[in-house]
Amino acid sequence: MIIVITATFLFIILRFTVTLFNFISNPKLHRVARQYQDDVSILIPARNEQDNILTLLQSIHKQDYHNYEVIILDDNSDDNTYQICADFAAVHPRFKVIKGDELPAGWLGKNFACYQLAHQAKGSFLLFLDADEQIESGLINSAVHRMYLRKLGLLSLFTNQDMRSVGELSTVPLMHYLLLNLLPLQLVYLIKNPGVAAASGQFMLFDAAVYNDNNWHEQVKDKVVEDVEIMKLIKANSYNGEALLANNMISCRMYKSYNEAVTGFSKNFLAAFNYSILGLLIYVLFIIGGPMIIMMTLDFNLIFFMAGLILLTRVMISLSAKQNAWYNIILHPVQMINLTLIAFLAIQKHLTKTNVWKGRRL
């Protein structure tokens, strides 16, 4: 029992240390006053996004960067996505929408859509956005500045999350929780080893010359978590890559219900553990089972110390991600239960090869 308790506390303290490093180092995209004039191609793959796409297009039109083009690729939607985009583009000349080709064998849908978009783009920078997002003024200018400042081949941002229901609040914060609790984010840029990689497909800004020389999406055409795989390739090929928090300059409502969130997260949850089922099980055992064992000791000092570390961890992650800390503290037990459920579904889908998203097998 002593060994289990000691191991649990070492695990909690290590996770607390990672979170503290992220909180102090503040890995966020910072706003800059300097204005850039580079041509930026904003590229949006869209499949069955009729409920989301217009909000994104309107936010792009209203933002303060002027030298840009927007290309939307309708990825064989069976809803009104194409018509909504076509109507918008008809009165906004910087925007255009194209029909995607049929998905070839060996490709995943989003990867092929991004590959097609890149070959239509003319900008010096290629910015891939998801259709369910909303951007703010200052985003593109600040991101271009960061590309020059760090001489980056790829800048990826983890967007702020828009959560409007209890189901979302009990699941979506797990994304930032895992990210900031497991990985010192600044190390993605500082350490050149490709094994230290993180990225979010919700915002991927590429140097166009580097992208065109390497065709990154073609290299990861069959990868479910293409964003992280591309970051690994960026670093493996001696380019600089960086992953940051979006600092309220871009937001996303990833999912609109509890079931959608659980299904969505389970499709790529194993990727955070390099598809190691054993690694995921050990993590869940320590993060769920460990605290339960400590609670069973009824030792007030141990319980108080453990609860304090967990509480401070949730507060720091919430503040970094600009989420409501009170909600995350109150819902922490529910979120941990959902984490266990998502992990179980991820393993089940991986073993049975039944991972499906938007009507396509992954």
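Shown above is the structure to which this text applies.
This one's a predicted model, so the numbers in the text were calculated from it and none came from an experiment.

At a minimum axis distance of 8 Å, the contact between helix α13 (residues 277-296) and helix α14 (residues 300-321) shows a crossing angle of 150 degrees. Here α13 is positioned roughly antiparallel relative to α14, judged by the angle of their axes. Contacts from P291, I294 and M295 of α13 reach α14 at L302, I303 and M306.

Overall, mixed pairing links the 3 strands, which are arranged β5-β10-β7 in an open sheet. On the outer flanks of this sheet lie β5 (133-135) and β7 (160-161), each paired with one strand and no other.

Now for the pairing of strand β9 (residues 240-245). Most of β9 sits inside the fold, with 6 of its 6 residues counted as buried. The alternating pattern of β9 places N240, E242 and L244 on one face and G241, A243 and L245 on the opposite face, and all of these are buried. Of the strand pairs in this sheet, strand β6 (residues 152-158) and β9 are connected by 6 bridges, and their pairing is parallel. The residue bridging L157 from the neighbouring strand is L244, located in β9.

Attention now goes to the nonpolar core. It is characteristic of soluble globular proteins that their nonpolar side chains tend to be buried jointly. Judged by nonpolar contacts, the single largest core of 74 residues is most densely connected at L126, F128, L185, F206, F269 and L339. Excluding residues that lie within four positions of it along the chain, L339 makes contacts with L174, L178, F269, Y283, V284 and I287.

This paragraph deals with the packing of aromatic side chains. Counting across every chain of the model gives 18 aromatic pairs. The interplanar angle of 50 degrees and the centroid separation of 5.2 Å between the aromatic rings of F273 and Y283 together place this pair among those described as tilted. Residue F273 is found in the loop between α12 (258-266) and α13, and its partner Y283 is found in helix α13; the two are separated by 10 residues along the sequence. Neither F273 nor Y283 differs from the other in exposure class; each is buried. Among the aromatic residues, ring-to-ring pairing joins F11, F269, F273, Y283 and F286 into one connected group. Over the ring of F11 we find R15, and its NZ or CZ is 5.5 Å from the ring centre.

Calculation criteria
- Residues numbered from 1 in each chain as written.
- Predicted model: local features only at pLDDT ≥ 70, side-chain atom pairs only at ≥ 80, totals over all residues.
- Heavy atoms only, no water.
- Axes fitted to C-alpha atoms, helices over the stretch in contact; angles between N-to-C directions.
- Helix = DSSP H or I, 4+ residues; strand = E, 2+ residues; numbered from the N terminus.
- Parallel < 35°, antiparallel > 145°, perpendicular 65-115°, else oblique.
- Contact = heavy atoms within 4.5 Å.
- Pairing = 2+ DSSP bridges.
- Buried < 20%, exposed > 50% of the residue type's maximum accessible area, 1.4 Å probe, protein only.
- Core = buried A, V, L, I, M, F, W, Y, C linked by side-chain atoms within 4.5 Å.
- Phe/Tyr/Trp six-rings, centres within 6.5 Å; stacked < 30°, edge-to-face > 60°.
- Lys NZ or Arg CZ within 6 Å of the ring centre and 35° of its normal.

Scope: geometric values only; no functional claims are made or implied.
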